[in-house]
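# Report on the structure
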Amino acid sequence: MDTKMQASNDIKILISCHKDISYPDSDIYLPVHVGAQNAAQPLPGMQPDNDGENISDRNFTFCELTAQYWAWKNLKADYIGLCHYRRFFCFSETKEKPNDHAQIVEPVLSPYSIRKYRLNDEALIREAVSKADLIRAPYWDVSESVTPAGKKRTIREHMIGYGLFTDKDVDKLIEIVSRLAPEYRDALIQYLNGSKYLGYNCFIMKRDLFDRLCSFEFPVLLEFDRDFSYENMTTTRKRICGYFGEILYSVFINQITREGSYSIAEYPLVFFDNTSPLFHFEQLSRHDASNDIDIVWRYGDASAARFSIVVNSLLDNISPSNNYRLTIIHDSQFKMTELRRFITEVPSNLELRDATFPVIAADESESGLTVDEFELLLPFAILQRLIAGRHGRVIWIDGCALFEHDPQDLFSYTTDSGVAVMDGIHLEKELNKPASWKLLNSYLDQNGSWTMYDPSFMLIDARTAGCIAGNYDYLSSYRKACNQYGFDLAKTLKSAKSNFAKQKARPGSARDQFYLPLECMVVLSTMLRGLQPTTIAMNQVFPVLSSGDVSTWANEKHAKEWSSIDDSQVYFYKPESGPFLDNANVFCSKYWRRARQSDAYETLLTFITAYRPTSLKDKVLPPYSKRRRLLGRIRRVLRRVLPIG
């Protein structure tokens, strides 16, 4: 990459990164690999901070400032900005409420959140930058924030309370500033003794201001760094130059604000908890050998312990004569490191990797979907790409599937169609309930058959699937199915997920699993019918449901078939009958038999013994809740006054 960039009215916003991340696709942003000097390998597509004059080897203490130093010495642009791999300026008029640090918090940095906050809208960014000499984040009051040492009145006390540095360190910083930049001494002391905090080293400013900031900041920090002993320090304490950089940056902003010679604009920062790298469907391997299988497994729960049992069942049953690639698509709360601790040794003929949803590359045609719709349609999006790319054999799983045999054996049933799916007993059960009869009749009118399909488990042989629909367009199929029933699934999903989040947040809630709305299940089944797929037999993949529900509500033919199965190659646990929720179900014993042999067993027991409300009183007034305690106080007061039992 050319480090001497020449451009008229050029804007470059550096993104300091120490790992591969997802980030806005725009020429305005320049991702910089900080600490590249001591990194095991370079981050692809990023500017290393050890190119040209640099302090890359001091990244352990200077943090994101090694990117700033590199830009000062090597980058030419009219405006230079700095943000972090987890913090970006938001220039859109968002209605999101900021937290107590004046930042908007978002779970995942993805194509959807990038679009939501218009992070890659170059016209919007250029318009904002053109109206100001400097862009900064809002101030926030540290006196309202609790540190490990309690609430603190000043910025100095607040940061010491977090253990970032000591009083002695601050006195040394003041002494160096007094010598090297005496014009900033009083501003530094005033800032440290105040409570309005800026920090974060996030800005966009004109080149002359940027040079002035760096000329003040780096001589001070480099001298402090030379004299400071890092021996036996924690990682947090070692980052002291980065924390002091936040202070000096804030002092600089306060100084030029008082001068009044520059126009300053304020925009909020969006903070992202998860910034996993973008996953492309095209990363699915193009298998030619007949013994190669891709397994794409979507798991929506946060518990790695729960998931590890079924992953181990797969690892224990794969044949050494086949080659596998397992791609786990999980939510941002899921910890892949925990899963790796719980699973058995990964065999050499299986490649294990993961992707965080919704950090998945979407085509332009998919940009109109909401994130909830894209999650719903994920199996179809994968299917379309597989057919177009003539990939090999793929197993798609959405949920909890326990393997009893080699997954290779399942493909002996897909040779005719190229695509096989689970039977829709779960859908039949829900449609047959009185409240859903109207929707059932609508489904039968539209499809003319009782046959229903479930895309939660699909076998795809993409080498022959092209004969089904060589020009398959799942978005057209989706919109057609929604129009047939008059559904707006974007609103349906948004409402259902909002209600689930509210219920889950209630004290003592038993809701820890999101159930797909019935309207969504009907549309997915209708979409699958258009492909005329083969149905997976229950002795290959068995949907584990409540036996009482199946016998009462499922289609009689399928209910009899379901009850006659006593052994299957795969047990697929539906959300409401998961082995960790309905452990009394006889088919869940297979899961728990494996669980008892696992390192995750003790962790799993905590889910079983966790409190679940059993009465209306406990649901309305959970034990140990504020409402329950308040009721107890009221009753005690009334007993003193009234003769009640």
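Residues numbered from 1 in each chain as written. Predicted model: local features only at pLDDT ≥ 70, side-chain atom pairs only at ≥ 80, totals over all residues. Heavy atoms only, no water.

### Re the overall build of the protein
- Each helix and strand in the protein was counted, giving 26 helices and 24 strands.
- Here the protein holds 645 residues, and the buried ones make up 55% of them.
- Here the contacts in the protein between residues at least 6 apart in sequence split such that 76% fall between residues at least 24 apart.
- A total accessible area of about 28,800 Å² is found for the protein, and carbon and sulfur atoms account for 48% of it. (Helix = DSSP H or I, 4+ residues; strand = E, 2+ residues; numbered from the N terminus. Buried < 20%, exposed > 50% of the residue type's maximum accessible area, 1.4 Å probe, protein only. Contact = heavy atoms within 4.5 Å. Areas by Shrake-Rupley, 256 points an atom, 1.4 Å probe, with all protein chains shown as cover.)

### Digging into the pattern of salt bridges
- This model, assessed by the stated rule, comprises 36 salt bridges.
- Ionic pairing is found between Arg156 and Asp171, a salt bridge with its closest N-O pair at 2.9 Å. Of the two residues, Arg156 is situated in helix H5 (residues 155–161) and Asp171 in helix H6 (residues 167–180); the sequence distance between them amounts to 15 residues.
- Owing to a relative accessible area of 16%, Arg156 belongs among the buried residues under this scheme.
- A salt bridge links Arg207 to Asp211; the shortest N-O distance between them is 3.1 Å. Placement of the pair is Arg207 and Asp211 together in helix H8 (residues 207–227), with a separation of four residues, close to one helical turn.
- Residue Asp211 is classed as partly exposed on the basis of its relative accessible area, which comes to 25%.
- Several salt bridges converge on common partners, so that one network encompasses Lys172, Glu175, Arg179, Glu223 and Asp227. (Salt bridge = Lys/Arg side-chain N within 4 Å of Asp/Glu carboxyl O.)

### Concerning the pairing of strand S16 (residues 323–330)
- Burial of S16 is extensive: seven of the eight residues sit out of reach of the surface.
- Pairing analysis gives eight bridges linking strand S15 (residues 292–299) to S16, with the strands arranged parallel. Counterpart to Ile293 in the pairing with S16 is Tyr324.
- Following the chain from S15 across helix H11 (residues 304–317) to the adjacent parallel S16, one finds a crossover that is right-handed.
- Examined bridge by bridge, S16 and strand S17 (residues 350–356) share seven bridges and lie parallel to one another. Of the residues in S17, the one forming a bridge with Arg325 is Glu351. (Pairing = 2+ DSSP bridges. Right-handed = clockwise from strand over helix to strand, strands pointing away.)

### Quick word on the nonpolar core
- By size, the foremost hydrophobic cluster in this structure holds 96 residues, and its most contacted members are Ile135, Phe165, Met205, Phe244, Ile247 and Phe252.
- With 11 residues, helix H10 (residues 240–259) is the largest single contributor of residues to this core.
- Leave out the neighbours within four places in its chain, and Phe244 touches Phe165, Asp169, Val170, Leu173, Leu221 and Phe224.
- Residues Ile293, Ile343, Leu402 and Met422 belong to the second largest nonpolar core, which totals 59 residues. (Core = buried A, V, L, I, M, F, W, Y, C linked by side-chain atoms within 4.5 Å.)

### Notes on empty space enclosed by the protein
- The tally for this structure, following the rule as stated, stands at one cavity of 30 Å³ or more.
- Considering only enclosed or pocket space, the largest cavity measures out at about 30 Å³ in volume.
- Ile13, Tyr29, Cys83, Phe88, Phe89, Phe91 and Ile204 together form the lining of the largest cavity.
- Partitioning the lining of the largest cavity into residue classes produces seven nonpolar, no polar and no charged. (1 Å grid on protein atoms, 1.4 Å probe; cavity = no way out; pocket = protein on both sides within 12 Å on 5 of 7 lines; lining within 4 Å. Points joined across faces, edges and corners; volume = space filled by probe spheres on them. Nonpolar A, V, L, I, M, F, W, Y, C, P; charged D, E, K, R; others polar.)

### With respect to the pairing of strand S1 (residues 11–17)
- Here S1 lies mainly inside the structure; seven of its seven residues are buried.
- Side chains of S1 alternate between two faces, with Ile11, Ile13, Ile15 and Cys17 and Lys12, Leu14 and Ser16 buried alike.
- Two strands pair when backbone bridges link them, and S1 and strand S4 (residues 79–84) are joined in this way by six bridges, in the parallel orientation. Residue pairing in the sheet places Ile13 in a bridge with Gly81 of S4.
- Pairing between S1 and strand S2 (residues 29–33): five bridges, direction parallel.

### Some remarks on a nonpolar patch on the surface
- Together, Leu630, Ile634 and Leu638 line one region of the surface with nonpolar side chains, adding up to about 250 Å² of accessible area.
- With respect to the secondary-structure elements, Ile634 resides in helix H26 (residues 626–641). (Patch = residues over 30% accessible without salt bridge, like charges linked within 9 Å, V, L, I, M, F, W, Y side chains within 5 Å.)

### Comments concerning the side chain of Thr275
- Along the polypeptide, Thr275 turns up in the loop between strand S14 (269–274) and S15.
- For Thr275, a relative accessible area of 5% puts it in the buried group.
- If sequence neighbours within four positions are ignored, Thr275 has contacts with Lys19, Asp20, Ile21, Ser22, Tyr85, Arg86 and Leu109.

### Some words on the environment of Ile309
- Residue position: Ile309 is located in helix H11.
- Sequence separation between Ile309 and Cys400 is 91 residues, and the spatial gap between their C-alpha atoms is 9.4 Å.

### Here's the deal with the packing of aromatic side chains
- Within the structure shown, the criterion is met by 34 aromatic pairs.
- Centroid distance Phe203 to Phe210: 6.1 Å. Interplanar angle 40°. Geometry classified as tilted.
- The buried category is assigned to Phe203, whose relative accessible area is 1%.
- Taken together, the aromatic side chains of Phe60, Phe165, Phe224, Phe228, Tyr230 and Phe244 make up a single cluster linked through ring pairs. (Phe/Tyr/Trp six-rings, centres within 6.5 Å; stacked < 30°, edge-to-face > 60°.)

### Notes on the sheet that holds strand S23 (residues 541–544)
- Reading across from one edge, S19-S24-S23 is the order of the three strands in this open sheet, with mixed pairing throughout. Edge positions in the sheet fall to strand S19 (400–403) and S23, since each has one partner strand and no second. Neighbouring strand axes in the sheet, compared pairwise and without regard to direction, differ in orientation by 25° on average.
- Where S19 meets strand S24 (residues 570–573), four bridges bridge the pair, whose relative direction is antiparallel. (Axes fitted to C-alpha atoms, helices over the stretch in contact; angles between N-to-C directions.)

### Observations concerning the environment of Glu404
- With respect to the element layout, Glu404 can be found in the loop between S19 and strand S20 (419–423).
- In this structure, the C-alpha to C-alpha distance between Glu404 and Gln540, residues 136 residues apart in sequence, is 9.8 Å.
- Not counting residues up to four positions away in its chain, the partners in contact with Glu404 are Asn317, Ser568, Gln569, Tyr571, Lys590 and Arg594.

### Some remarks on the environment of Asp100
- Position of Asp100 among the secondary structure elements: in the loop between strand S5 (87–89) and strand S6 (103–108).
- Residues Asp100 and Glu144 lie 44 residues apart in sequence; the distance between their C-alpha atoms is 8.0 Å.

### Here we look at the confidence of the model for the protein
- Mean pLDDT over the protein: 88, with 90% of residues reaching 70 or higher.
- Within the model, the stretch residues 1–8 combines pLDDT values under 50 with 18 contacts to residues more than four positions away or in other chains. (pLDDT = per-residue confidence, 0-100.)

### Thoughts on the side chain of Glu106
- Position of Glu106 among the secondary structure elements: in strand S6.
- With relative accessibility at 13%, the residue Glu106 sits in the buried group.
- With residues near it in sequence (within four places) discarded, Glu106 still touches Ser113, Lys116, Tyr117, Val270, Phe271, Phe272 and Asp273.

### Concerning the sheet that holds strand S18 (residues 393–398)
- Within the open sheet, the seven strands sit side by side as S17-S16-S15-S18-S21-S20-S22. Their pairing is mixed. What marks the edges here is a single partner per strand, and that holds for S17 and strand S22 (534–535).
- Of the strands in this sheet, S20 and strand S21 (453–461) are in contact with helix H20 (residues 518–529), which crosses S21 at around 35°.

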